[in-house]
Each structure stands twice: as C-alpha cells, then as structure tokens.
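What follows is each chain in one-letter form.
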Amino acid sequence: MIFKIVTLFLVGMGVLAMFGKLTLPGSKMIANKRCPSCGRFRIGKGQCPCKGKG
C-alpha cells in the first residue's frame, strides 16, 4: 500500500515537472519588448525613457 502511494506521488511530481518545462508560444516576443539596459517594457516604437538620462 505504501509503495503504491509513493509511486503515484513520484509519477505526479514527474508530470508537474513536465508541465513546468513547457514554454508558452510568444514568450520570446514578450522578452524582446524589454529594454536591454533597464529591463522595463518598451511601449510603442520610440526609445526607452532611460536612454535620454545619464
């Protein structure tokens, strides 16, 4: 009985690990929308506001 519970637990953890490694479509596009220097999201086609400071 204990062996069956442990086996089911390990199988469940394996399934959760597989779902954790899944990548959603479009995640690369979201990463490209960030400013490389400050990490904020860029809105529109213009420069990030951090480029003018310094």
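Our subject is the structure that appears above.
Here the structure is a predicted model, which is why all the values come from computation and not from measurement.

So, the environment of Lys33
Line of reasoning, step 1. Tracing the backbone shows Lys33 in the segment after helix 2 (27-32).
Line of reasoning, step 2. Under the relative-accessibility criterion, Lys33 is labelled partly exposed at 46%.
Line of reasoning, step 3. With residues near it in sequence (within four places) discarded, Lys33 still touches Arg40, Phe41 and Arg42.

With respect to the packing of aromatic side chains
Line of reasoning, step 1. As enumerated under the stated definition, the model contains 0 aromatic pairs in all.
Line of reasoning, step 2. Over the ring of Phe41 we find Arg34; its NZ or CZ atom is 4.2 Å from the centre of that ring.

As for helix 1 (residues 2-21)
Line of reasoning, step 1. Between its first and last C-alpha atoms helix 1 spans 29 Å; for 20 residues at 1.5 Å apiece the expected length is 28 Å, and the two agree.
Line of reasoning, step 2. Within helix 1, only 0 of the 20 residues are buried, which leaves the element largely exposed.

About the criteria used
- Residues numbered from 1 in each chain as written.
- Predicted model: local features only at pLDDT ≥ 70, side-chain atom pairs only at ≥ 80, totals over all residues.
- Heavy atoms only, no water.
- Helix = DSSP H or I, 4+ residues; strand = E, 2+ residues; numbered from the N terminus.
- Buried < 20%, exposed > 50% of the residue type's maximum accessible area, 1.4 Å probe, protein only.
- Contact = heavy atoms within 4.5 Å.
- Phe/Tyr/Trp six-rings, centres within 6.5 Å; stacked < 30°, edge-to-face > 60°.
- Lys NZ or Arg CZ within 6 Å of the ring centre and 35° of its normal.
- Expected span 1.5 Å × (residues − 1).

Take it as geometry only, folks, not as evidence of what the structure does.
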